[in-house]
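Single-letter residue listing:
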Amino acid sequence: MSQDVSRNKLLWIAGLGWLFDAMDVGMLSFILAALQKEWGLTAEQMGWIGSVNSIGMAVGALVFGLLADRIGRKQVFIITLLLFSIGSGLSAFATTLTVFLILRFFIGMGLGGELPVASTLVSESVPAHERGKVVVLLESFWAGGWLLAALISFFVIPAYGWQMALILGALPALYAIYLRINLPDSQKFIAVKTAERRSVWRNIADVWAKPYAKQTTMLWILWFAVVFSYYGMFLWLPSVMVMKGFSLIKSFEYVLIMTFAQLPGYFSVAWLIERIGRKAVLIIYLVGTALSAYFFGNAESVAMLMTFGALLSFFNLGAWGALYAYTPEQYPTVIRATGAGMAASFGRIGGILGPLLVGYLVAQNVSVTMIFAIFCVAIFIGVLAVLFLGKETKQQELA
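Just so you know, these numbers come straight off a predicted model, no measurement behind them.

A word on the domain arrangement of the protein chain. Along its sequence, the protein chain is carved into domain 1 (1–187) and domain 2 (199–394). The distance between the C-alpha centroids of domain 1 and domain 2 comes to 17 Å. Contacts between the two partners involve 53 residues from domain 1 and, on the opposite side, 57 residues from domain 2. Taking both partners together, domain 1 and domain 2 bury about 4,800 Å²; carbon and sulfur atoms supply 73% of that area. For the domain 1 face of the interface with domain 2, the top three residues by lost area are Val-136, Leu-147 and Phe-154, together amounting to 12%. Linking domain 1 with domain 2 are two salt bridges, by the criterion used here. Remark: the boundary between domain 1 and domain 2 carries twelve residue pairs in polar contact (both at pLDDT 80 or more).

In structure tokens, the structure reads:
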């Protein structure tokens, strides 16, 4: 019974950190649309805001992944939470695009570092027979954060401005103080750290050593495909709705409705992942994402936009849940955070290119249909990587 209590406590502690991350990323997509009107931003400038965020996430995933294998999962989790929440609060007072971009870089570092470290901590602290389910449930807090972001954006931004939304994003700093006292560190990490002191460079080399090269290649392709398509599509959703002729308020409302579909996406994966395995779940949900993206890009009526937008949320966020469960299982404890952080970092390059690509294609008057077709192809490349290079890790004990 005590094991269930500690597992649930860990899930909620890490999950709330995850929720705050998602709230920040989710609000950014709505703030982009508001900033465009207030600062008169071009499509390229809007693309850069999303991309600088992802540059920070790439740096953060790498740096804090390496650090987590040196000083522990708990310490890094707290550092990253403080970094992005303080950055969010400060960015509310930005008056120029340059200052806003600099702060978004540091916010991105915190976000990028927190996610792989939190999933590694939970993976190492849960029994093998329910590890996948619990990590997917951790990921489901992302949907809660997006819903909170959508609600704040729908009710707060129109009435009080985007600055108030960002000030609310600073609240996790208080939560980090609570975590300092209540969060347990990974016992697997503590045991390994006691037994062996390893250099950062050795950990990096080992991720690409012969025993792990195949899964590292698979993960890097998969992460790139998923992050490229996710940030390219979802950061632009409110703006795409505006392009299709809806008002800013109406587009916020529609995106809020689509966001609700994320929760059943996560919960269905949490149920399936210990039954049919990681590979099958990833392939099914990635194919579902690709097809939904294609039909969303081609949708003309409100009914079609809402249907395929909801399916896009359902399948894409379900795939994210499986990805975070699958990634830490590819490596032993000594290099787990390093391997997960490096894969996430490489994936974030896709998050840099995705929003930039959309911004430049929109500026060149390329149709929404063609833009979403590009993301459809990218996701299918990720499917092939899992199919041919991935190994099944269902209920395997972590080394």
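Among the secondary structure elements, Ser-292 is positioned in helix H15 (residues 278–298). Every residue in contact with Ser-292, bar those within four places of it in the chain, is listed here: Phe-308, Leu-311, Leu-312 and Phe-315.

Attention now goes to the pattern of salt bridges. One pass over the full model with this rule turns up seven salt bridges. The residue Arg-104 makes a salt bridge to Asp-24 at a minimum N-O spacing of 2.6 Å. One end of the pair, Arg-104, is in helix H4 (residues 97–124); the other, Asp-24, is in helix H1 (residues 2–39), with 80 residues separating them in the sequence. In this structure Arg-104 comes out as buried when scored by relative accessible area, which is 1%. Given a relative accessible area of 2%, Asp-24 falls into the buried group.

A separate point is empty space enclosed by the protein. Per the counting criterion, the structure on display carries three cavities of 30 Å³ or more. Of the volumes computed, that of the second largest cavity is approximately 60 Å³. Looking at the second largest cavity, the residues that line it are Trp-18, Leu-115, Glu-139, Trp-142, Tyr-230, Tyr-231, Trp-320, Tyr-324 and Arg-348. Elements supplying a minimum of two residues to the lining of the second largest cavity: helix H5 (131–155), helix H11 (213–234) and helix H16 (302–326). Here the residues of the lining of the second largest cavity are counted per class, giving seven nonpolar, no polar and two charged. Lining the lining of the second largest cavity are residues from two domains, each supplying at least three of them: domain 1 (1–187) and domain 2 (199–394).

The rules behind these values
- Residues numbered from 1 in each chain as written.
- Predicted model: local features only at pLDDT ≥ 70, side-chain atom pairs only at ≥ 80, totals over all residues.
- Heavy atoms only, no water.
- Domains from an automatic or database assignment.
- Contact = heavy atoms within 4.5 Å.
- Buried area = accessible area lost by both parts, 1.4 Å probe.
- Salt bridge = Lys/Arg side-chain N within 4 Å of Asp/Glu carboxyl O.
- Polar contact = N/O pair within 3.5 Å; in protein donor to acceptor, adjacent residues only side chain to side chain.
- Helix = DSSP H or I, 4+ residues; strand = E, 2+ residues; numbered from the N terminus.
- Buried < 20%, exposed > 50% of the residue type's maximum accessible area, 1.4 Å probe, protein only.
- 1 Å grid on protein atoms, 1.4 Å probe; cavity = no way out; pocket = protein on both sides within 12 Å on 5 of 7 lines; lining within 4 Å.
- Points joined across faces, edges and corners; volume = space filled by probe spheres on them.
- Nonpolar A, V, L, I, M, F, W, Y, C, P; charged D, E, K, R; others polar.

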